[in-house]
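# Overview (structure and organization)
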Amino acid sequence: MLKAIYSRLTSLNLGLWLMTGVMVTLALGSFSSASSEQGGLNDMPLLFWLQRAPLGYSWWLWLCVACIVVLFVNALVCSIDALRRKGRSVAPHLMHAGFLLIVLAHLLSAYGGFKQQMQLPQGDSFGFPDGERVVVEKITGQVGPMGMMSGYRAELRLSDGLHAVQPNQPLFHKGYGIYVKDVALSPVPVALFEVHKEPGALTAFIGALIFTVGNLMLLAQRKGR
Amino acid sequence: MKPLLITSALLYVASIRRPIFVAALGCSLAYLASRGMGLGRLPLIGPQDTLAFFSGSLGLMGLPFIYSRQTRGIRWFCWGCGALAGLFAALALPFPTINMPLPPILDTYWFELHVALAFFAYGLFGIAALLGVAFLQGGGKPALDLQYRAALVGYSFFSLSMVSGGIWGYYAWGTYWLWTAKELWTSILWIFYSLYLHLRLKGQAWERGFAWLGIVGFLVTLFTYLGVSMLMRSSHSF
């Protein structure tokens, strides 16, 4: 019985069907209003959203998650099974390991992620859960030749001093990232801030690195064949 | 500058010989270089620039394949690559150029790397599709082997594009992943080529299916690039 389940789980056909399942559910989901930018899916951790969204709205994502869970097991068992045999290239299994870590990273973020948006004028402040205040000391921006903002930044005072945040240069503090998303300079300088917590980010990065190493090894092995 | 793009489109479509293809590619790259120098960045914003970049990527990625010994027997292959690249150069022509500076959020090397690698991958997926057609028309096993190589290198570029996009997203948006139509179709495309590469393990019985999958993959690529931008609302739209 267990042997039959193990054999089924290591099956290439199962992996191919599951990949098809993930693709079909994602394709259906892409036409759903849930995946639109107003769908709320990007405003809270995935598991929170799944618990709250009506099934008629989220069914495709439940199916997709189910396929990914079994695909995770399939990739894991396949790699373990192949590595137990001698003489196998390690490259595809590094790619599998990278994929598995990226799936785990999504799970971490889906459970412990956090996002909050706030619009604050210069001089205002917001607080961290432990009570520390972040004061918006200064908001500046440059208007480009076409009237659009060509650059902007905000200076934030925290307990350890003054820090600048600008596009693509967030401030990381106590596991949170503080991002400045937009700035208006008149009538008073106001900035749109977002505070994010992405607990899966490091795991996803390590997974991506491992995947890339495996991918490069595979390319080197296939070269000239 | 536009005459360079028009010339490249015409030469691509006429590339029945390899030197004509090389001349077309030269015009295409010269056009992209002149745009890039004028803008002070890679020309990757708006339909005109991205279609021209896609055309250039198809030509650049196709070059080693048209000079490969394995494609010498496929008489139409050089013209096929040229026609595909020429089609996208021609599609770029009606659109106006967007000469504004990059919005602050896009003004990072991670963004340029993300988009450029994606287009190199798209180009290779296009070449893989042509090689799939060549196999189905009797091009033999070498065409299928080349299709696999094109798709594998394309998949590698695409994976790196997704990694650089994730890093950019984390620094720009606060997350390496957003649930939007473009991200979903990007994932679909990546999984599609993962499936394609796994299907090779099924052996010779699946060769025709493998070739067909390489062709369908390019249609998925086109939907991911053009279809999503035109039909769905996403932060990745033109």
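Residues numbered from 1 in each chain as written. Chains lettered and ligands numbered in written order. Predicted model: local features only at pLDDT ≥ 70, side-chain atom pairs only at ≥ 80, totals over all residues.

### Remarks on the UniProt feature "domain: Cytochrome c assembly protein" (unreviewed entry) in chain B
As recorded in UniProt, the feature "domain: Cytochrome c assembly protein" (unreviewed entry) lies at residues 59–232 of chain B. In residues 59–232 of chain B, the share of helix is 75% and the share of strand is 0%. The end C-alpha atoms are 28 Å apart. (UniProt positions renumbered as here; feature names shortened; annotations may be inferred. Helix = DSSP H or I, 4+ residues; strand = E, 2+ residues; numbered from the N terminus.)

### Concerning the sheet that holds strand 5 (residues 161–165) of chain A
In a beta sheet, neighbouring strands pair by backbone hydrogen bonds and run either parallel or antiparallel. Residues and elements named next belong to chain A. Pairing in this open sheet of four strands is antiparallel, and the strands run 2-3-4-5 from one edge to the other. Single-partner strands in this sheet number two, and they are strand 2 (125–127) and strand 5. Taken over all neighbouring pairs, the strand axes of this sheet differ in orientation by 30° on average, direction set aside. Note that strand 3 (residues 133–143) and strand 4 (residues 149–158) share eight bridges and pair antiparallel. Note on strand 4: the bridge partner recorded for Val136 is Leu156. (Pairing = 2+ DSSP bridges. Axes fitted to C-alpha atoms, helices over the stretch in contact; angles between N-to-C directions.)

### Quick notes on the UniProt feature "transmembrane region" (unreviewed entry) in chain B
All names here are of chain B. In the UniProt entry, the feature "transmembrane region" (unreviewed entry) is given for residues 50–67, 74–95, 115–136, 148–170, 176–197 and 209–232. Across residues 148–170, helical content stands at 100% and strand content at 0%; the span's end C-alpha atoms are separated by 32 Å. Secondary structure content for residues 209–232 is 96% helix and 0% strand, and the end C-alpha separation is 30 Å.

### Regarding the UniProt feature "transmembrane region" (unreviewed entry) in chain A
Residues and elements named next belong to chain A. UniProt records the feature "transmembrane region" (unreviewed entry) for residues 12–34, 59–82, 94–114 and 201–220 in the present numbering. When the span residues 12–34 is considered, its composition is 83% helix and 0% strand, and the gap between its end C-alpha atoms is 32 Å. Taken end to end, residues 201–220 is 100% helix and 0% strand, and its two terminal C-alpha atoms sit 29 Å from one another.

### A closer look at the nonpolar core
Ranked by size, the top nonpolar core spans 107 residues in total, and within it Cys81, Ala121, Leu124, Ile127, Leu131, Ala150 and Ala151 of chain B carry the most contacts. For Leu124 of chain B, the residues in contact, after removing those within four places along its chain, are Met61, Ala150, Ala151, Val153, Gly154 and Phe157 of chain B. Counting 15 residues, the second largest nonpolar core, distinct from the first, contains Ile139, Tyr152, Tyr179 and Phe193 of chain A. (Core = buried A, V, L, I, M, F, W, Y, C linked by C-beta atoms within 7 Å. Buried ≥ 20, exposed ≤ 12 C-beta atoms within 10 Å, placed from the backbone. Contact = placed C-beta atoms within 7 Å.)

### Looking at the interface of chain B and chain A
Chain B puts 39 residues into the contact, and the matching count from chain A is 40 residues. Of all the secondary-structure elements, those providing two or more residues to the side of chain B that touches chain A are helix 6 (141–172) and helix 7 (181–199) of chain B. Residues of the side of chain B that touches chain A, tallied by class, amount to 25 nonpolar, 11 polar and three charged. (Nonpolar A, V, L, I, M, F, W, Y, C, P; charged D, E, K, R; others polar.)

### Looking at the UniProt feature "domain: ResB-like" (unreviewed entry) in chain A
The feature "domain: ResB-like" (unreviewed entry), as given by UniProt, occupies residues 89–183 of chain A in the numbering adopted here. With 23% helix and 51% strand, residues 89–183 of chain A has end C-alpha atoms that lie 52 Å from one another.

### Thoughts on the confidence of the model for chain B
Across chain B, the average pLDDT comes to 93, with 97% of residues at 70 or higher. Confidence estimates for the predicted assembly give a pTM of 0.93 and an ipTM of 0.92. (pLDDT = per-residue confidence, 0-100.)

### What about the packing of helix 4 (residues 55–84) of chain A against helix 5 (residues 91–112) of chain A?
All names here are of chain A. Remark: helix 4 packs on helix 5, axes separated minimally by 10 Å, with the N-to-C direction vectors making an angle of 150°. What the angle tells us is that helix 4 and helix 5 run roughly antiparallel. Taken as a pair, helix 4 and helix 5 cross one another with a handedness that is left-handed. Along its contact with helix 4, which presents Ile68, Phe72, Ala75, Leu76, Cys78, Ser79, Ala82 and Leu83, the element helix 5 presents His93, His96, Phe99, Leu100 and Val103. (Parallel < 35°, antiparallel > 145°, perpendicular 65-115°, else oblique. Left-handed = near helix turned anticlockwise from the far one by under 90°.)

### With respect to the sheet that holds strand 7 (residues 176–184) of chain A
Residues and elements named next belong to chain A. Ordered by their spatial adjacency, four strands build an open sheet running 1-8-7-6, and the pairing between neighbours is antiparallel. Of all strands in the sheet, those with a lone pairing partner are strand 1 (114–121) and strand 6 (171–173), marking the two edges. Between one strand axis and the next, the sheet turns through 25° on average, direction left out of account. Relative to strand 7, strand 6 runs antiparallel, the two sharing three bridges.

### Things to note about helix 4 of chain A
Residues and elements named next belong to chain A. Under the 1.5 Å per step criterion, the end-to-end length of helix 4 is 42 Å for 30 residues, consistent within 8% with the ideal 44 Å. Turning to helix 4, its buried residues are Ser58, Trp60, Leu61, Cys64, Cys67, Leu71, Asn74, Ala75, Cys78 and Ser79. Buried residues in helix 4 make contact with helix 1 (2–9), helix 2 (12–30), helix 3 (46–52) and helix 5. (Expected span 1.5 Å × (residues − 1).)

### A closer look at the pairing of strand 5 of chain A
All names here are of chain A. In the sheet, strand 4 pairs with strand 5 via five bridges, with the strands oriented antiparallel. Among the inter-strand pairings, Arg157 is bridged to a residue of strand 5, identified as Leu162. Linkage of strand 4 to strand 5, two consecutive antiparallel strands, is achieved through a turn of two residues.

### Looking at the domain arrangement of chain A
Taken domain by domain, chain A consists of domain 1 (2–113 + 201–222) and domain 2 (115–197). Here the C-alpha centre of domain 2 of chain A lies 35 Å away from the C-alpha centre of domain 1 of chain A. (Domains from an automatic or database assignment.)

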